[in-house]
Amino acid sequence: MIYAPSPIAVGVFVAFILLVIGLSAWLGRRATSASGYYAAHGEIHWFVNGIAFAGDYLSAASFLGICGMIAFYGYDGFLYSIGYLAGWIVALFVVAEPLKRMGRFTFADALDSRYHSRSIKLAAAISTLVVSLFYLIPQMVGAGALITPLLGLPHVVGVLLVGVVVTTIVVTAGMVSTTWVQFIKGSLLVLFCFLLTIMILHRGLVVNGGAAESPFAARPAAEILARPGIAVLPKGGTWAGKPYTRLQNPATGRVEVWREETRDGEAWLTETQRLTVKQGARLVDGVPQGKGEGQRDLRPVGYVSGLGKDGGPSTGPLGPAGFLDALGGASIQLWGNELIVEDDGAVTTVYYQKITRGDDLMVAGASPTFAGVRSARLFDKLDFLSLMLALFAGTASLPHILIRYYTVKDESAVRKSTVVGIAAIGFFYVLTLFLGFGAMTSGALDVTNTNMAAPLLAKSFSPLLFAIISAIAFTTVLGTVSGLIIAASGAVAHDLLTNVFRFRLDDHDMVRAGKIVAVAVGAVAMLLGVLFERMNVTFLVGWAFNIAASANLPALVMALYWKRATRQGIAAAILVGMISSLGWILLSAQAFRDVYGLPAASALVPFSQPAIVTLPLGFLVLVVVSLLTPRQEEREPMPRSIEAR
Amino acid sequence: MPVAHPSRRAGGALRFWLFGLYLACYAAFTILTAFDRPLMAWAPFGGANLAVLSGFGLIAAALAVALLYWWLCRDSRAVAAPGVPPAKAGR
């Protein structure tokens, strides 16, 4: 779809960005020491830190990805919500308090506090960089996806804009400004999503968006074929064997493509939408894509086809339970797509209607990501179980989340801020189901772009709400990216330069080194955001969770809880977990298909999500190596009050 | 003087029980989703099905155990592992 930027959207967006940068500059006055730059002096209030957790964690994948997945496939997106939140239980009960007690700026500090080993710091720093970069890619891709409809600018401009703004925020004031950006973003995101949910429930479900008939035709085949002045094209070439009937108007030469299906034993034809890319030109239903005369654009989708046996054109306002009940009994017009390479080399994507029962959208397995749930193959089910394990174990292993435990003063504040974070994040994830289903039935979806479901849902209510939600989504990216850049910066400047390579940096030098690294990481993130433009946001985040869980969790848990763990065991577990999970991902069917453009069947591993293999492998390696290496005298962790000087 | 292992501080045993309880619920949910679709499609109260109810239930349970832990740890002495000194506030 082509989006026309509105002055309101541009105005709200610019105001948000200026507010965020101004706030950063103002807060940045105090971040002159390493403790201030990396850990906000440990002076953040626990409530602010808790909401900042939400701002840090609710990334583009959570807001744009999950809402989009639910809008297009139903319940499957909600599985991410459940898994993402469950991961906080690991953080609260297993990691948070010991980590705070033993660390200083980075999670490598906590890992290493018993051993004072360069190998552990090196392994942890590399792991932090790899996980942060994997997590950065979808954020930057999400930023580019947002900028196009909001401001009408190309993807690359969105990526560069995020990169420049975030790097400015991080370089300006480090963790202090990052925390407040995340606090503002987390608060606004939860608040406006709650408002949006109330509006969805108030609107209820409306058949065909209030029109007498569906905007997309579906008729018995005999009725369509009896229309005067059309000719049925033969099913030759790449269209052979496909379930489509092509009709041509001999007078104009225009071709319509209808999808064939059977309803109650009768042959029907349903209207499709086509997007063809031919020698760089984009055609919609055979004519140039555009809004002008002689042009055509893809039409918005997302309609309720019927409201079950009690019928009626609209439900009117509903409560949360009533909304889900009504949706379960309704039939929804979803859209599938099929890629066809035509004989002349043109690539056509045919988007076709799929009338789906509401109750079928309330169980797992409708999306390609979770299709394995409905498969009889054990490996397909293992793929699903592995992803759910990665989501559960990955949260407490994400470097940008772990460093937030150093921004509050003590363990009690860590505990309280984690509980506040769980409350805010959990509430948001409950809302995602209503936001997603609201978008699914909004009549505003872009059939080509799942990531735009939430902003377009807001647009179905008002342009101002669209502008606000889009700006919040953009600050969502800013908040998460700034946390990731701080984590990567700490890994390089604090762990690698100071502790591994033994550079003698004073406090001022370490802050300056951190800022230089932040600029470099920001530049790499921008480059990757442009290169990975076509990748699915949620899918990429799933990879980051797998790597984080496999590389970091075994080392973190065992360093904190197993006295027999040795430094060799910890370092080996990080490296084996990281390399094995990364290697598995690169050899998986999804990487073959989506990254290399090769047949998925050529993949060298039986399923795509590695955590179910590589997480236990990390624990196993740690135990075996620790038992094979000499027991080390436990050294008392240095009190942070001394160590920090 | 030897220090307590980092794990054996405030909320020591309690947090593992709460963690284990939640982990069991999450594992049951995941396994049922993977292997028993008809059960998850069942609507016990006639409206939302078990998949939706258990999803909301897991989110609510996360908040419930977190709040319970906060409440029980309001005086960390009460839940510290036996013989282990409680964490010092403000360290």
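Residues numbered from 1 in each chain as written. Chains lettered and ligands numbered in written order. Predicted model: local features only at pLDDT ≥ 70, side-chain atom pairs only at ≥ 80, totals over all residues.

## Here's the deal with the overall build of chain A
Consideration 1: When helices and strands are tallied, chain A shows 21 helices and 10 strands.
Consideration 2: Its C-alpha radius of gyration of 26 Å places chain A within 12% of the 26 Å reference for a compact globule of 645 residues.
Consideration 3: With respect to the principal axes defined by its C-alpha atoms, chain A has extents near 90 × 50 × 50 Å.
Consideration 4: Considering chain A as a whole, with its 645 residues, one finds that 57% of them fall into the buried category.
Consideration 5: By sequence separation, contacts in chain A at least 24 residues apart represent 77% of the contacts at least 6 residues apart. (Helix = DSSP H or I, 4+ residues; strand = E, 2+ residues; numbered from the N terminus. Rg over C-alpha atoms; globule rule 2.2 N^0.38 Å. Buried ≥ 20, exposed ≤ 12 C-beta atoms within 10 Å, placed from the backbone. Contact = placed C-beta atoms within 7 Å.)

## Some points on the overall build of chain B
Consideration 1: When helices and strands are counted, chain B shows three helices and zero strands.
Consideration 2: For chain B, the N- to C-terminal ordering of α and β elements is α-α-α.
Consideration 3: Classification of the 91 residues of chain B by burial places 34% in the buried group.
Consideration 4: Restricting to contacts in chain B with at least 6 residues of sequence separation, those with at least 24 account for 64%.

## Overview of the interface of chain A and chain B
Consideration 1: Listed as interface residues are 45 residues of chain A and, on the opposing side, 40 residues of chain B.
Consideration 2: Elements represented by at least two residues in the side of chain A that touches chain B include exactly α5 (76–102), α10 (320–329), α11 (378–394), α13 (411–440) and α17 (537–561) of chain A.
Consideration 3: With 13 residues, the top contributor of residues to the side of chain A that touches chain B is α5(A).
Consideration 4: Across the side of chain A that touches chain B, the residue classes tally to 29 nonpolar, three polar and 13 charged. (Nonpolar A, V, L, I, M, F, W, Y, C, P; charged D, E, K, R; others polar.)

## Description of the domain arrangement of chain A
Residue and element names in this part refer to chain A.
Consideration 1: Here chain A is partitioned into domain 1 (35–205 + 375–643) and domain 2 (208–374).
Consideration 2: On the domain 2 side, the residues contacting the 30 residues of domain 1 number 37 residues.
Consideration 3: Taken together, the elements giving at least two residues each to the side of domain 1 that touches domain 2 come down to α4 (60–73), α5, α8 (155–203), α11 and α13.
Consideration 4: Class assignment for the residues of the side of domain 1 that touches domain 2 results in 17 nonpolar, eight polar and five charged. (Domains from an automatic or database assignment.)

## Some remarks on the packing of α5(A) against α11(A)
Geometrically, a packed helix pair is captured by the angle between its two axes and the distance between the axes.
All names here are of chain A.
Consideration 1: With their axes 6 Å apart at the nearest point, α5 and α11 run at an angle of 40° to one another. By the angle between their axes, α5 is oblique relative to α11. The interaxial crossing formed by α5 with α11 has right-handed handedness. Facing α5, whose interface residues are Tyr80, Gly83, Tyr84, Ala86, Gly87 and Val90, α11 presents Met388, Leu391, Phe392, Ala393 and Gly394.
Consideration 2: Partitioned by chemical class, the residues of the contact of α5 with α11 number eight nonpolar, three polar and no charged. (Axes fitted to C-alpha atoms, helices over the stretch in contact; angles between N-to-C directions. Parallel < 35°, antiparallel > 145°, perpendicular 65-115°, else oblique. Left-handed = near helix turned anticlockwise from the far one by under 90°.)

## Re the nonpolar core
As a rule of thumb, soluble globular proteins bury nonpolar side chains together.
Consideration 1: In terms of nonpolar packing, the biggest core is built from 248 residues, with A:Ala454, A:Ile570 and B:Ala62 touching the most fellow members.
Consideration 2: Residue contributions to this core peak at 23 residues, all from helix α15 (residues 463–500) of chain A.
Consideration 3: Looking at this core, you find at least three residues from each of domain 1 (35–205 + 375–643) and domain 2 (208–374) of chain A.
Consideration 4: Here A:Ala454 is in contact with A:Phe63, A:Leu64, A:Cys67, A:Leu435, A:Ala439, A:Ile469 and A:Ala473, once residues within four sequence places are set aside. (Core = buried A, V, L, I, M, F, W, Y, C linked by C-beta atoms within 7 Å.)

## Let's talk about the confidence of the model for chain A
Consideration 1: Averaged over all residues, the pLDDT of chain A is 87; the fraction at 70 or higher stands at 96%.
Consideration 2: For residues 638–645 of chain A, every residue scores under 50 in pLDDT, and the model assigns this stretch five contacts once sequence neighbours within four places are set aside. (pLDDT = per-residue confidence, 0-100.)

## Description of the environment of A:Val419
Consideration 1: Relative to the helices and strands, A:Val419 resides in helix α13.
Consideration 2: Judged by the 26 C-beta atoms lying within 10 Å of it, A:Val419 is buried.
Consideration 3: Once the C-alpha coordinates of A:Val419 and A:Gly345 are considered, the two residues, 74 residues apart in sequence, prove to be 56 Å apart.
Consideration 4: Once residues lying within four places of it in the same chain are set aside, the contact partners of A:Val419 are B:Ala66, B:Leu67 and B:Trp70.

## Considering the confidence of the model for chain B
Predicted coordinates in areas of low pLDDT are best not read in detail.
All names here are of chain B.
Consideration 1: Per-residue confidence for chain B gives a mean pLDDT of 78, with 68% of residues at or over 70.
Consideration 2: Looking at the elements of chain B, mean pLDDT is at its lowest for helix α1 (residues 12–35), recorded as 92, and at its highest for helix α3 (residues 50–72), recorded as 95.
Consideration 3: With pLDDT under 50 throughout, residues 1–8 is counted as low confidence; its partners more than four residues away or in other chains account for 15 contacts.
Consideration 4: For residues 77–91, every residue scores under 50 in pLDDT, and the model assigns this stretch 30 contacts once sequence neighbours within four places are set aside.
Consideration 5: The ipTM assigned to the predicted complex is 0.88, against a pTM of 0.89.

## Description of the pairing of strand β4 (residues 255–263) of chain A
Residue and element names in this part refer to chain A.
Consideration 1: Pairing of strand β3 (residues 244–248) with β4, which is carried by five bridges, proceeds in the antiparallel orientation. Residue pairing in the sheet places Gln248 in a bridge with Val255 of β4.
Consideration 2: Linking two consecutive strands that pair antiparallel, namely β3 and β4, is a turn of six residues; a positive phi of about 85° is found at Gly253 within it.
Consideration 3: Here β4 runs beside strand β5 (residues 266–278); their pairing, made up of six bridges, is antiparallel. Residue pairing for β5: Thr262 is matched across the bridge by Ala267.
Consideration 4: Between the antiparallel neighbours β4 and β5 lie two residues, among them Asp264 with a positive phi of about 50°. (Pairing = 2+ DSSP bridges.)

## Looking at the packing of helix α1 (residues 7–27) of chain A against α15(A)
Residues and elements named next belong to chain A.
Consideration 1: Packing of α1 against α15 leaves a shortest axis separation of 8 Å and a crossing angle of 35°. The crossing of α1 and α15 is right-handed. Along the contact surface, α1 presents Ile8, Ala9, Val12, Phe13, Phe16 and Val20, while α15 presents Pro463, Leu464, Phe466, Ala467, Ile468, Ser470, Ala471, Phe474, Thr475 and Leu478.

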